[in-house]
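Here are the chains, one letter per residue:
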Amino acid sequence: MSRKVQVRFLGDKGGVIRLSYPTMSGKCKNLFPEIVRILKPGGKLTVIECKKEEMPFGPPLEMHISPEELEDALRGYGFRKQEYVNLGYYYMMLFEATKD
């Protein structure tokens, strides 16, 4: 399984990061603190993830992250959930970086 993180910047609108399961399972612990560090106050992070349910495609179920698991994990890094969007087999969550 790849441990690479790909980042693409979209001009001054922000960046897109392609994550894999090892990132959320703790093998890339510096990623989210670094995202918080470089975001402007109130900066946004959007995550699109497979729903945690059986699907006819995609990674095994144990690799899926529920919205609650994602929110709990990112809260620990200083993100606050702003929005949840149902995308069928997937969901999208928008988070805001909170600054101390």
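Notes on the structure in this doc start here.

So, how was this worked out
- Residues numbered from 1 in each chain as written.
- Predicted model: local features only at pLDDT ≥ 70, side-chain atom pairs only at ≥ 80, totals over all residues.
- Heavy atoms only, no water.
- Patch = residues over 30% accessible without salt bridge, like charges linked within 9 Å, V, L, I, M, F, W, Y side chains within 5 Å.
- Areas by Shrake-Rupley, 256 points an atom, 1.4 Å probe, with all protein chains shown as cover.
- Salt bridge = Lys/Arg side-chain N within 4 Å of Asp/Glu carboxyl O.
- Helix = DSSP H or I, 4+ residues; strand = E, 2+ residues; numbered from the N terminus.
- Buried < 20%, exposed > 50% of the residue type's maximum accessible area, 1.4 Å probe, protein only.
- Pairing = 2+ DSSP bridges.
- Axes fitted to C-alpha atoms, helices over the stretch in contact; angles between N-to-C directions.
- Contact = heavy atoms within 4.5 Å.
- Arc of directions from axis to C-beta.
- Polar contact = N/O pair within 3.5 Å; in protein donor to acceptor, adjacent residues only side chain to side chain.
- Core = buried A, V, L, I, M, F, W, Y, C linked by side-chain atoms within 4.5 Å.
- Phe/Tyr/Trp six-rings, centres within 6.5 Å; stacked < 30°, edge-to-face > 60°.

## Comments concerning a nonpolar patch on the surface
Then comes step 1: Taken together, Ile48, Phe57, Leu87, Tyr89 and Tyr90 make up a surface patch of nonpolar side chains, about 450 Å² in accessible area.
Then comes step 2: Relative to the assigned elements, Tyr90 resides in strand β5 (residues 90–97).
Then comes step 3: Exposure remark for Tyr90: the relative accessible area of 32% places this residue in the partly exposed category.

## Describing the sheet that holds strand β4 (residues 79–87)
Then comes step 1: Spatially, the three strands line up as an open sheet ordered β3-β5-β4, and their pairing is antiparallel. Each edge of the open sheet is held by one strand with a lone partner, namely β3 (44–50) and β4. With direction set aside, neighbouring strand axes in the sheet form an average angle of 20°.
Then comes step 2: As judged from the eight bridges shared by β4 and β5, these two strands associate in the antiparallel manner. Within β5, the position partnered with Tyr84 by the bridge is Met93.
Then comes step 3: Against the sheet, helix α3 (residues 67–75) contacts β3, β4 and β5, and its axis sits at roughly 20° relative to β5.

## Notes on the pairing of β5
Then comes step 1: As paired elements, β3 and β5 share seven bridges and run antiparallel to each other. Across the sheet, the residue bridging to Thr46 is Leu94, located in β5.
Then comes step 2: Connecting β4 to the next strand, β5, in antiparallel fashion are two residues, including Gly88 with a positive phi near 85°.

## What about α3?
Then comes step 1: Residues of α3 that are buried: Pro67, Leu70 and Leu74. Each buried residue of α3 sits inside an arc of 65° when the element is viewed along its axis, so together they form one side.

## Here we look at the environment of Glu83
Then comes step 1: Structurally, the position occupied by Glu83 is in strand β4.
Then comes step 2: Taking the C-alpha atoms as reference points, Glu83 and Leu94, separated by 11 residues in sequence, lie 5.1 Å from one another.

## Re the environment of Asp72
Then comes step 1: Residue position: Asp72 is located in helix α3.
Then comes step 2: A distance of 3.0 Å separates polar atoms of two side chains, one belonging to Asp72 and the other to Arg75.

## Quick look at the nonpolar core
Then comes step 1: Residues Phe32, Leu45, Val47, Leu70, Leu74, Phe79 and Phe95 are the most contacted members of the largest nonpolar core, which totals 14 residues.
Then comes step 2: Leave out the neighbours within four places in its chain, and Phe95 touches Gly43, Lys44, Leu45, Val47, Leu70, Glu71, Leu74, Phe79, Arg80, Lys81 and Gln82.

## Remarks on the packing of aromatic side chains
Then comes step 1: The tally for this structure, following the rule as stated, stands at three aromatic pairs.
Then comes step 2: Relative to Tyr89, the ring of Phe57 has its centre 4.8 Å away and its plane inclined at 85°; by these criteria the two rings are edge-to-face. On the criterion of sequence distance, the pair formed by Phe57 in the loop between β3 and α3 and Tyr89 in the loop between β4 and β5 is long-range, its members being 32 residues apart.
Then comes step 3: For Tyr89, a relative accessible area of 38% corresponds to the partly exposed category.

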